[in-house]
Amino acid sequence: MSQGFDPVLSINSGQVFLWEKHGNSWYGIYGDHVIRLDEVDGRPEFSSFPELKSCEQKMFRLDDDINKIREDVSRDPFVRKLVKAYPGLRLIRQEPHQCMFSFVCASNTNIPMIRRMLYNLTRKFGAPVKVDGKEFFTFPSAADINRATIDELRACGLGYRAKAVKAVAESIASGRLDFQALKNASYEEAKQELLQIYGIGNKIADCVLLFSLEKLDAFPIDVWIARALASHYKWLHKKQFSDKITAHQYETLSGSTREYFGRYAGYAQQYIYYHMRQNAGKKW
DNA sequence: GTACAGGCAGTAT
DNA sequence: ATACTGCCTGTA
């Protein structure tokens, strides 16, 4: 079931932000829960506070038929190589609201900054949870965040993103955005819903769809993926493009990549993304 | 000081 | 339709 599964590699692959190492354990925030990850006899062992039944199954999508998915995305020779190179990499399933706030904060910045913003949000608006004598903070609910003023959000280091965070909080808290309905909806329908919200564009919508709304065919295109497409998959696109892509280029590229990589395009994206970052020698 | 970092909305062509 | 621009903040 969990063959070749490397949770530490996966949590450090740029999909999730609120994980930190203390001693030999990793601790992560998963909505209202703190997850602890230890290595015991070379095998991962998970604990959750308060307890969340089979949290690793949920988080790391161990319910997916990974062999079938790997085979499916291996239709592409480049991805086939990456599937072999990174056998431990998994997509992470996130809490929709945490995912959405995380990626709204991720626009036009880098991972250390995203982590800082999210830590500040949890400390100001989340609830404290003590684990192993250390204090962690849960991820605040949309209602918690919606109670804050834009200036209070700004004070978390969000900058101009504060307005977008507030808009997301409002649409969730008011019930206008219904995650369950979005899970049931098609990729296109769900994406259109997300795009209505101020601050949510193509890339962030696709991240939320892939990482939290079960749309495994979503294919987020950030600058790294755009670079990969521009160098390895030129033929997918008629016209030249670089890593800075316009909204229209995003649309057409997204359409052709989703078609080409298939129903698990999001997994293919994750292998490519991880590979590009590895090659660039990025420190997470 | 300047450039840049995992986008987006607003405005002008 | 497509191009250009400003935007918070921190680091190199």
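Below, the structure is looked at part by part. Please read all numbers here as calculations on a predicted model, not as lab measurements. (Residues numbered from 1 in each chain as written. Chains lettered and ligands numbered in written order. Predicted model: local features only at pLDDT ≥ 70, side-chain atom pairs only at ≥ 80, totals over all residues. Heavy atoms only, no water.)

## Regarding the environment of Asn12
Part 1 of the argument: Of note, Asn12 is situated in the loop between α1 (7-11) and β1 (19-22).
Part 2 of the argument: Taking the relative accessible area as the measure of exposure, Asn12 reaches 24% and is therefore partly exposed.
Part 3 of the argument: Through-space distance from the C-alpha of Asn12 to that of Leu91 is 11 Å; in sequence the pair is 79 residues apart. (Helix = DSSP H or I, 4+ residues; strand = E, 2+ residues; numbered from the N terminus. Buried < 20%, exposed > 50% of the residue type's maximum accessible area, 1.4 Å probe, protein only.)

## A short note on the protein's contact with DNA strand B
Part 1 of the argument: In the neighbourhood of DNA strand B, 22 residues make up the surrounding shell, with Ile111, Gly199, Ile204, Tyr273 and Arg277 lying closest.
Part 2 of the argument: Those atoms of DNA strand B that come within 4 Å of the protein belong to sugar or phosphate at a rate of 58%.
Part 3 of the argument: A distance of 3.0 Å separates a phosphate oxygen of DNA strand B from a polar atom in the backbone of Gly199.
Part 4 of the argument: Counting only elements with at least two residues in the surface near DNA strand B, the list comes to α12 (202-212), α13 (223-232) and α15 (265-279).
Part 5 of the argument: For the surface near DNA strand B, the element with the highest residue contribution is α12, accounting for three residues. (Near = heavy atom within 4 Å. Polar contact = N/O pair within 3.5 Å; in protein donor to acceptor, adjacent residues only side chain to side chain.)

## Digging into α15
Part 1 of the argument: Along its 15 residues, α15 runs 21 Å from first to last C-alpha, staying within 8% of the 21 Å computed at 1.5 Å per residue.
Part 2 of the argument: Across the 15 residues that make up α15, a large majority, 13, are buried. (Expected span 1.5 Å × (residues − 1).)

## A short note on the packing of helix α14 (residues 247-261) against α15
Part 1 of the argument: At their nearest, the axes of α14 and α15 sit 8 Å apart, and the two run at 105° to each other. Regarding the angle of α14 to α15, the classification is roughly perpendicular. Of the residues in α15, those in contact with Thr257, Arg258 and Phe261 of α14 are Ala265, Ala268 and Ile272.
Part 2 of the argument: Among the residues making up the contact of α14 with α15, the classes are represented as four nonpolar, one polar and one charged. (Axes fitted to C-alpha atoms, helices over the stretch in contact; angles between N-to-C directions. Parallel < 35°, antiparallel > 145°, perpendicular 65-115°, else oblique. Contact = heavy atoms within 4.5 Å. Nonpolar A, V, L, I, M, F, W, Y, C, P; charged D, E, K, R; others polar.)

## Some points on the protein's contact with DNA strand C
Part 1 of the argument: Close to DNA strand C lie Asn108, Met113, Arg116, Arg154, Gly157, Gly159, Tyr160, Arg161, Thr246 and His248, which account for all nearby residues.
Part 2 of the argument: Near the protein, within 4 Å, the atoms of DNA strand C are sugar or phosphate in 73% of cases.
Part 3 of the argument: Between a sugar or linking oxygen of DNA strand C and a main-chain N or O atom of Tyr160, the distance comes to 3.2 Å.
Part 4 of the argument: In the environment of DNA strand C, a base oxygen lies 2.9 Å from a nitrogen or oxygen atom belonging to the side chain of Arg161.
Part 5 of the argument: Those elements that place two or more of their residues in the surface near DNA strand C are α6 (111-125) and α8 (150-158).
Part 6 of the argument: For the surface near DNA strand C, the residue count by class is two nonpolar, five polar and three charged.

## Structural notes on the state of the cysteines
Part 1 of the argument: As enumerated under the stated definition, the model contains zero disulfides in all.
Part 2 of the argument: There is no disulfide at Cys55, and the cysteine sulfur nearest it, in Cys99, is 18 Å away.
Part 3 of the argument: The cysteine Cys105 is free of any disulfide, with Cys156 supplying the nearest cysteine sulfur at 8.7 Å.
Part 4 of the argument: By relative accessible area, Cys105 is classed as buried at 0%. (Disulfide = S-S within 2.5 Å.)

## Describing the sheet that holds β1
Part 1 of the argument: Taken together, the four strands give an open sheet; going across it, the order is β1-β2-β3-β4, and neighbouring strands pair in antiparallel fashion. Each end of this open sheet is capped by a strand with a single partner; those strands are β1 and β4 (43-49). Neighbour-to-neighbour, the strand axes of this sheet turn through a mean angle of 25°, independent of strand direction.
Part 2 of the argument: Summarising the sheet, β1 and strand β2 (residues 25-30) pair through four bridges and their orientation is antiparallel. (Pairing = 2+ DSSP bridges.)

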